[in-house]
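# Structural characterization, general
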Amino acid sequence: MMSEKMLLVSCCAPCSCGVIAHLAVQGVNFTVLFYNPNIQPLSEYLRRCDENKRVCDIYGVPFVELEYDHDRWCCL
């Protein structure tokens, strides 16, 4: 029997770390998807992404990062 899976979309660690911790402790099968191309500058984006990865590593949660493309985001 296959268990359900969840995809948690995250824009930064402060917004999602409590949810990540709660879901992990509850044994929920989920992956964190990090996406936030509106963050500037790139150094701030990387800081937020790295912290999100760190939180996921602590709880053993899979982490996926989508491409950072701020220029494209501005054109939409």
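Whatever comes next refers back to the structure up there.
First things first, this report covers the structure right here in the doc.

## Some thoughts on the environment of Met-6
- Turning to its location among the elements, Met-6 is positioned in strand 1 (residues 6–10).
- Taking the relative accessible area as the measure of exposure, Met-6 reaches 38% and is therefore partly exposed.
- Linking Met-6 and Cys-74, residues 68 residues apart in sequence, is a C-alpha distance of 29 Å.
- The contacts of Met-6, once residues within four sequence positions are left out, are Leu-23, Val-28, Asn-29, Phe-30 and Thr-31.

## Some remarks on the pairing of strand 1
- Two strands pair when backbone bridges link them, and strand 1 and strand 2 (residues 30–34) are joined in this way by five bridges, in the parallel orientation. Bridge assignment links Met-6 to a residue of strand 2, and that residue is Phe-30.
- Considered for its hand, the β-α-β crossover made up of strand 1, helix 1 (residues 13–26) and strand 2 is right-handed.

So, how was this worked out
- Residues numbered from 1 in each chain as written.
- Predicted model: local features only at pLDDT ≥ 70, side-chain atom pairs only at ≥ 80, totals over all residues.
- Heavy atoms only, no water.
- Helix = DSSP H or I, 4+ residues; strand = E, 2+ residues; numbered from the N terminus.
- Buried < 20%, exposed > 50% of the residue type's maximum accessible area, 1.4 Å probe, protein only.
- Contact = heavy atoms within 4.5 Å.
- Pairing = 2+ DSSP bridges.
- Right-handed = clockwise from strand over helix to strand, strands pointing away.

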